[in-house]
Amino acid sequence: MHDLETVFSEIDILTLLPQQRPFVLIDSMLTTDETITATSFLVGDDCIFCENGRLTESGIIENIAQTCAARMGYINKFLAHDSVKLGFIGAIRNLEIQRLPLAGQRIETKIEVLEEIFKMTLVAATVTHNSEIIASGEMKISLTDIDTQADGKE
């Protein structure tokens, strides 16, 4: 992959994801290369994955999955010049959530590809707020050949 950090800020994240609002749990891609992808998300108090002013466990899991989706969307759209494909969570292992972020806090999620075999990707994920690790674990994602309509429209 290319080191295009200056370009990442110009990418409409909705063009990389199969999810669309109100189910989007990342705002921007910060970086991506062969093994590492990082995203950012400002937890809004109107987020459908918020309860009692905090992002739920399900929201953290979805945020990690969408970071994986953004990586694959970037690869498909910008490197393979193909459409964004639909993926599914295959497994979650060793998930540890230290705390749930508050609405108004910005979290950063980093995934590191541990293994990629055919259309299965295993990643180690870390979710932080102000450099404090608030969640970590592993996720297996299965990519399909199903095209999505990711085009930035709401």
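Residues numbered from 1 in each chain as written. Predicted model: local features only at pLDDT ≥ 70, side-chain atom pairs only at ≥ 80, totals over all residues. Heavy atoms only, no water.

Draft legend 1. Quick look at the overall build of the protein chain. Of regular secondary structure, the protein chain possesses 2 helices and 8 strands. Ordered by position from the N terminus, the helices and strands of the protein chain form the series α-β-β-β-β-α-β-β-β-β. For 154 residues, the compact-globule formula gives about 15 Å, and the C-alpha radius of gyration of the protein chain, at 14 Å, lands near that figure. With respect to the three principal axes, the spread of C-alpha positions in the protein chain is 40 × 30 × 30 Å. When each of the 154 residues of the protein chain is scored for burial, the buried share is 44%. The long-range fraction of contacts in the protein chain, counting pairs at least 24 apart against all pairs at least 6 apart in sequence, stands at 67%. Approximately 8100 Å² of the protein chain is accessible, and the part contributed by carbon and sulfur atoms is 50%. Here the protein chain contributes 12 positively and 24 negatively charged side chains, and the mean placements of these two sets differ by 2 Å. (Helix = DSSP H or I, 4+ residues; strand = E, 2+ residues; numbered from the N terminus. Rg over C-alpha atoms; globule rule 2.2 N^0.38 Å. Buried < 20%, exposed > 50% of the residue type's maximum accessible area, 1.4 Å probe, protein only. Contact = heavy atoms within 4.5 Å. Areas by Shrake-Rupley, 256 points an atom, 1.4 Å probe, with all protein chains shown as cover. Lys, Arg positive; Asp, Glu negative; His and termini not counted. Charge placed at Lys NZ, Arg CZ, Asp CG, Glu CD.)

Draft legend 2. Up close: the sheet that holds strand β5 (residues 85–97). Strand order in the open sheet made by the 6 strands is β1-β2-β6-β7-β8-β5, with antiparallel pairing throughout. What marks the edges here is a single partner per strand, and that holds for β1 (28–32) and β5. Going from strand to strand, the sheet's axes swing by 25 degrees on average, the running direction of each strand aside. Direction of pairing for β1 relative to strand β2 (residues 36–42): antiparallel, over a ladder of 4 bridges. Of the residues in β2, the one forming a bridge with Thr-32 is Thr-37. Strands in contact with helix α2 (residues 57–79) are β1, β2, β5, β6 (106–117), β7 (120–129) and β8 (132–147); relative to β6, the strand with the most contacts, it is inclined by about 60 degrees. (Pairing = 2+ DSSP bridges. Axes fitted to C-alpha atoms, helices over the stretch in contact; angles between N-to-C directions.)

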